[in-house]
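The lines below spell out each chain.
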Amino acid sequence: MQIRDAQVVRLIEQISHHYQINIASRYVRPALLQMALEKQEWDLIEVLTEKLEQYRYQGFDLDYLYKQIVAVAQFVSVCRRDLAPNLRTRAASTTPPGSERVMWDMTISNFAANLKVFADMVNELYVLLVNLDKRGAKGHRPIYLQVPGLENIGRLLVGG
């Protein structure tokens with residue numbers, strides 16, 4: 001099922017922008033790359049957050065979007081558990097000198113809050129896709145019920 005919904009595209013744009021500016025910023029990226037995630041998960045995250053133009057006009061494959069959401073949820077969970085509590089220590093080696101240090105400090109200090117905003121946007125995307133999926137199923141089993149990992153999305157994104 002190809003998704004061309006304007007609301008989905010807009011939300012993916014927001015997710016992408018927020019990820020690039022607040023999550024994978026140049027101050028945090030070195031610490032992110034040390035996280036224990038599989039290459040396949042990183043690839044799925046990259047496509048969702050950095051390769052929007054590829055899909056904007058041809059549409060997004062619903063099954064693939066769900067897999068990207070599972071990868072992002074795993075990422076959020078690992079960040080919340082392993083990275084956010086000690087990010088300042090892990091990122092200390094990249095502390096810039098002078099006035100740029102203020103930006104570094106703000107980025108590091110706000111990482112947990114920005115991660116929550118990111119997780120909330122991804123959860124909003126998931127809910128939107130499930131609603132579209134249910135409407136498009138028309139008597140068939142919706143795709144979201146067939147994708148492994150989606151059953152834990154709420155727990156991974158919300159952290160509960």
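Bear in mind the structure is a predicted one, so any value in this text is a computation, not a measurement. (Residues numbered from 1 in each chain as written. Predicted model: local features only at pLDDT ≥ 70, side-chain atom pairs only at ≥ 80, totals over all residues. Heavy atoms only, no water.)

A. Layout of unusual backbone geometry. The phi angle at Lys138 is positive, at roughly 40°, despite the residue not being glycine. Here Lys138 is to be found in the loop between helix H8 (111-137) and helix H9 (153-158). (Helix = DSSP H or I, 4+ residues; strand = E, 2+ residues; numbered from the N terminus.)

B. How the structure looks around helix H1 (residues 6-23). Its 18 residues give H1 an end-to-end C-alpha distance of 24 Å, which sits within 8% of 26 Å, the value for a rise of 1.5 Å per residue. Those residues of H1 not exposed but buried are Val8, Val9, Leu11, Ile12, Ile15, Ser16, His18, Tyr19 and Ile23. Two or three places before Gln7, at the opening of H1, Asp5 has a side-chain oxygen 2.9 Å from that residue's backbone nitrogen. (Expected span 1.5 Å × (residues − 1). Buried < 20%, exposed > 50% of the residue type's maximum accessible area, 1.4 Å probe, protein only. Polar contact = N/O pair within 3.5 Å; in protein donor to acceptor, adjacent residues only side chain to side chain.)

C. A look at the packing of H1 against helix H3 (residues 39-50). It is at 7 Å that the axes of H1 and H3 come closest, and there the two elements cross at 110°. Regarding the angle of H1 to H3, the classification is roughly perpendicular. Contact residues: H1 offers Ile12, Ser16, Tyr19 and Gln20, while H3 offers Trp42, Ile45, Leu48, Thr49 and Glu50. Partitioned by chemical class, the residues of the contact of H1 with H3 number five nonpolar, three polar and one charged. (Axes fitted to C-alpha atoms, helices over the stretch in contact; angles between N-to-C directions. Parallel < 35°, antiparallel > 145°, perpendicular 65-115°, else oblique. Contact = heavy atoms within 4.5 Å. Nonpolar A, V, L, I, M, F, W, Y, C, P; charged D, E, K, R; others polar.)

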